[in-house]
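Close look at the chain arrangement
Single-letter residue listing:
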Amino acid sequence: MMLLSSCKKEFLDINKDPNRATSTSITPDLATAAQLNASASRNASTWDMLNRWMGYWSASGSYSRATVEMSYNISTGTMGGLFEGIYYTVSQYRAIGKKAAEQDWKFYQGIAKIMEAHEVAILVDFYGDVPYSTAFDISANIRPTYDKGEDVYKALLPLIDEGQALIKAATGNDANIATQDIYFQGNKTNWAKFANSLKLRLLMHTSEVNTFDIPAEIAKIVTEGSGFLGNGLSAAAQPGFTVDKPNPYYNAHLFLSNGNEADNYNRANKFSLDLMTSLNDPRSKRVYRLAKTGGAFKGTDYGADPLSENGSDLTSGPGYGPAPTPASPMWLMTGVETMFLVAEATARGWLAGDAKAAYENAVRESFRFLGLTTAQADEYLTNTDAKVAWPAAGSLNDKIAVIMWQKYFALNGIQANETFNDWRRLGIVQPPLSIAPERGSNLIPRRLLYPTSEYSYNSDNVTAVGTITPYTPKVFWDK
């Protein structure tokens, strides 16, 4: 009794869980790795539908047609988790940044800002106008208004700059940054390279509009001096993947921890497989795998009737190249994509240098990323086909075209959302349309519809945007 009476009153408060994490007990070093992993893991399977739309993947003949997807007759439920998932992730980065500011942990602050920009840009790329300036503060704005997509983009470049500056100014008091930064292990230069690469991606998205003074913005990146991702460096999560806790792409599309095939639905699209094969492109054997039965590479047509000869065991699934083992890192933004962005910017005269060399180096990086050799890339680059050979005497359009074709092959199964962006802004690669009879005259959508949750809980603001269809209004940079 004496012991009990000497205890604090809170000890006997059964309404408080002493094991529950609170805002005061969660510090940035306890939350950052989980969110970085979540952002990278989004690339593992979120873009499966886009891989099929963009001509990379198709469907096994062992399954009935996915009539809504294959007819392009999408709804407010299509990829609805993307919208809600990104808002959740950004709210977590906001919380990390706020807590880091209170503790003067500048490295974590910088990471939070750069990652917010990465995530919000994806929202704009799919939905155009989105809540941003009044979002992320439920107590003040439970129903946030929508901002113009272009205005959001304009806010993101300064946000990236702020994040980059904070990381540079970090003094070493950010607890556990080397272990909790599962992208770069606390390497300031590599974060600066990623920040520059992300800015370059957003600038190149706007190549056909006048949102930015792109040459001036790229000049700022060059002046910063850290360079870009590439030459073996990607932004990729490595929290310690193992056979029991595997790389998310491996676990989604290759094999489960029990050894069973993880994905017997997605299969090689004949368009990409046949085209890469005709060009003697050895990457085809990395982005696709041999059929289980017969030992051949075989694809299917997107939207085809389910046929036994195109069954799961007789056709090629997604390949090992992006994640050859369960312990492979999970990419957020690859150096491959960045080097193709550099090649395009160089061809357009926005970056100084030899555009041909930049293009060929990007192709080599793609080969290396997929476990092939530089020698194999060099042999491939001797191909005289217009989809491979650099058009030294050609026009700018010719040069952009070959860059886009090779970027298309390089991002096969890896970053289909960026392929979708390139298709919309430039339209150089034209993937085949679904042959499903339900498609009728429908074309591939140019945007997603806002999710059902917005119409349920933020109806006044989402309806104020206007009538939304899969084709209109286009994202601001889609011309």
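Throughout what follows, the structure given in this document is the object of discussion. Computed from a predicted model, the values in this text were never measured in an experiment.

1. Topic: empty space enclosed by the protein
- What the rule picks out here adds up to six cavities of 30 Å³ or more.
- Put simply, the largest cavity is a space of about 110 Å³.
- What lines the largest cavity is simply Met54, Met404, Lys407, Tyr408, Thr419, Asp422, Trp423, Leu426, Gly427, Ile428, Val429 and Pro431.
- Residue composition of the lining of the largest cavity, by class: eight nonpolar, two polar and two charged.
- When its volume is computed, the second largest cavity comes out at roughly 80 Å³.
- If you go around the second largest cavity, you meet 14 residues; those closest to its centre are Ala59, Ser60, Gly61, Ala304 and Asp305.
- Residues of the lining of the second largest cavity, tallied by class, amount to five nonpolar, six polar and three charged.

2. A look at helix 9 (residues 188–205)
- Given a rise of 1.5 Å per residue, 18 residues ought to cover 26 Å, and the 26 Å separating the end C-alpha atoms of helix 9 matches this to within 8%.
- Burial within helix 9 is extensive, with 16 of its 18 residues counted as buried.

3. Examining the packing of aromatic side chains
- This model, assessed by the stated rule, comprises 30 aromatic pairs.
- Between the aromatic rings of Phe367 and Tyr380, the centroid separation amounts to 5.5 Å while the plane-to-plane angle is 40°, which identifies the pairing as tilted. Highlighted residues: Phe367 in helix 15 (residues 355–369) and Tyr380 in helix 16 (residues 374–380), separated in sequence by 13 residues. The exposure classification of Phe367 matches that of Tyr380, with both residues buried.

4. Describing unusual backbone geometry
- Geometrically, the link from Thr472 to Pro473 is a cis peptide bond, its omega value of -15° lying close to zero.
- Here Pro473 lies in the segment after helix 20 (459–464).
- Even without being glycine, Met79 reaches a positive phi, approximately 55°.
- Structurally, the position occupied by Met79 is in the loop between helix 4 (67–70) and helix 5 (80–102).

5. Focus on the packing of helix 9 against helix 14 (residues 335–347)
- Relative orientation of the contacting elements helix 9 and helix 14 amounts to 55°, with a least axis distance of 10 Å. By the angle between their axes, helix 9 is oblique relative to helix 14. The two elements helix 9 and helix 14 cross, and the hand of that crossing is left-handed. Between helix 9 and helix 14, the residues in contact are Ser197, Leu200, Arg201 and Met204 and Glu337, Thr338, Leu341, Val342, Glu344 and Ala345, respectively.
- Here the residues of the contact of helix 9 with helix 14 are counted per class, giving five nonpolar, two polar and three charged.

6. So, the layout of surface pockets
- Approximately 530 Å³ is the volume attributed to the largest pocket.
- Contributing to the lining of the largest pocket are 19 residues, with Tyr87, Ile138, Ile142, Pro144 and Glu454 lying nearest its centre.
- For the lining of the largest pocket, the secondary structure elements donating two or more residues are helix 5 and helix 19 (452–457).
- Taken together, the residues of the lining of the largest pocket break down into 10 nonpolar, five polar and four charged.

7. Overview of the nonpolar core
- If you look at the biggest cluster of nonpolar residues, it comprises 138 residues, and the most contacted ones within it are Trp53, Leu156, Tyr183, Trp191 and Phe194.
- The biggest single contributor to this core is helix 6 (residues 106–127), with 14 residues.
- In contact with Trp191, other than residues within four places in its own chain, are Leu36, Phe107, Ile111, Ile114, Met115, Ile167, Asp181, Tyr183 and Phe184.

8. Observations regarding the pattern of salt bridges
- The tally for this structure, following the rule as stated, stands at 30 salt bridges.
- Residues Glu162 and Lys113 are paired through a salt bridge, measuring 3.3 Å at the closest nitrogen-oxygen approach. Taken together, the residues span a long stretch of sequence, with Glu162 in helix 7 (residues 149–169) and Lys113 in helix 6 at a distance of 49 residues.
- Accessibility expressed as a relative area gives 38% for Glu162, which makes it partly exposed.
- Note that Asp129 is salt-bridged to Lys148, the shortest N-O span being 3.7 Å. You can see Asp129 sitting in the loop between helix 6 and strand 2 (130–131) and its partner Lys148 sitting in the loop between strand 3 (146–147) and helix 7, a full 19 residues away along the chain.
- Taking relative accessible area as the criterion, Lys148 reaches 52% and is therefore assigned exposed.
- A single salt-bridge network, built from bridges that share partners, covers Glu208, Glu344, Arg348, Lys407, Asp422 and Arg425.

9. Let's talk about the side chain of Ser312
- Relative to the elements of secondary structure, Ser312 occurs in the loop between helix 13 (284–287) and strand 6 (330–333).
- Within polar-contact distance, the side chain of Ser312 engages the side chain of Ser60 at 2.7 Å.
- Ignoring any residue separated from it by four or fewer positions in sequence, one finds Ser312 in contact with Ser60, Ser62, Tyr63, Asn264 and Arg267.

10. So, helix 10 (residues 214–224)
- Residues of helix 10 that are buried include every one of Ile214, Glu217, Ile218, Ile221 and Glu224, and no others. Buried residues of helix 10, viewed axially, fall in a sector of 110°; they line one side.
- Where the residues of helix 10 are buried, they touch helix 7, helix 9 and helix 14.
- Just past helix 10, the residue Gly225 takes up positive phi, approximately 95°.

11. Structural notes on the packing of helix 14 against helix 17 (residues 396–410)
- Orientation of helix 14 relative to helix 17, taken along the N-to-C sense of each, is 175°, at an axis distance of 10 Å. As the angle between them shows, helix 14 and helix 17 are arranged roughly antiparallel. Two secondary-structure elements touch here, helix 14 through Val336, Glu337, Phe340, Leu341, Ala343, Glu344 and Ala347 and helix 17 through Leu396, Ile400, Ile403, Met404, Gln406, Lys407 and Ala410.
- Here the contact of helix 14 with helix 17 is built from residues that sort into 10 nonpolar, one polar and three charged.

Conventions we followed
Residues numbered from 1 in each chain as written. Predicted model: local features only at pLDDT ≥ 70, side-chain atom pairs only at ≥ 80, totals over all residues. Heavy atoms only, no water. 1 Å grid on protein atoms, 1.4 Å probe; cavity = no way out; pocket = protein on both sides within 12 Å on 5 of 7 lines; lining within 4 Å. Points joined across faces, edges and corners; volume = space filled by probe spheres on them. Nonpolar A, V, L, I, M, F, W, Y, C, P; charged D, E, K, R; others polar. Helix = DSSP H or I, 4+ residues; strand = E, 2+ residues; numbered from the N terminus. Expected span 1.5 Å × (residues − 1). Buried < 20%, exposed > 50% of the residue type's maximum accessible area, 1.4 Å probe, protein only. Phe/Tyr/Trp six-rings, centres within 6.5 Å; stacked < 30°, edge-to-face > 60°. Axes fitted to C-alpha atoms, helices over the stretch in contact; angles between N-to-C directions. Parallel < 35°, antiparallel > 145°, perpendicular 65-115°, else oblique. Left-handed = near helix turned anticlockwise from the far one by under 90°. Contact = heavy atoms within 4.5 Å. Core = buried A, V, L, I, M, F, W, Y, C linked by side-chain atoms within 4.5 Å. Salt bridge = Lys/Arg side-chain N within 4 Å of Asp/Glu carboxyl O. Polar contact = N/O pair within 3.5 Å; in protein donor to acceptor, adjacent residues only side chain to side chain. Arc of directions from axis to C-beta.

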